[in-house]
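These are the residues of each chain, in order.
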Amino acid sequence: MTAANQQPSANPPSSLDFFSIPQSFLLQIGTASMVLLLITGKTTVRALEAIGEASEELFRGDRLPILDFPDDNETEQT
């Protein structure tokens, strides 16, 4: 128990300036960063899907060159 006539000790102020920032400002920064993260994630997924579809088109059969195969009659004659 502390005595009524005892004065509180004078503690030096903390050097942490983090607590002097208003909580509403910290909430705004956190919200903006989360929204930016979500938008970046969706954009990355769309870009990867587009790259995947483009690579499928590259290996599609109708895009490949037509190769000249010799007929069976020509191979039997030689």
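Quick look at the structure, then. (Residues numbered from 1 in each chain as written. Predicted model: local features only at pLDDT ≥ 70, side-chain atom pairs only at ≥ 80, totals over all residues. Heavy atoms only, no water.)

This brings us to the overall build of the chain. The secondary structure content of the chain amounts to 2 helices and 0 strands. Across the 78 residues that make up the chain, the buried fraction comes to 0%. (Helix = DSSP H or I, 4+ residues; strand = E, 2+ residues; numbered from the N terminus. Buried < 20%, exposed > 50% of the residue type's maximum accessible area, 1.4 Å probe, protein only.)

Turning our eyes to something else, we now look at a nonpolar patch on the surface. A cluster of nonpolar residues, Ile 21, Phe 25, Leu 26 and Ile 29, forms a patch on the protein surface that exposes about 310 Å² of accessible area. Counting through the fold element by element, Ile 21 comes out in the segment before α1 (23-58). Since its relative accessible area comes to 32%, Ile 21 is described here as partly exposed. (Patch = residues over 30% accessible without salt bridge, like charges linked within 9 Å, V, L, I, M, F, W, Y side chains within 5 Å. Areas by Shrake-Rupley, 256 points an atom, 1.4 Å probe, with all protein chains shown as cover. Salt bridge = Lys/Arg side-chain N within 4 Å of Asp/Glu carboxyl O.)

Any functional reading would require information that these geometric values do not contain.
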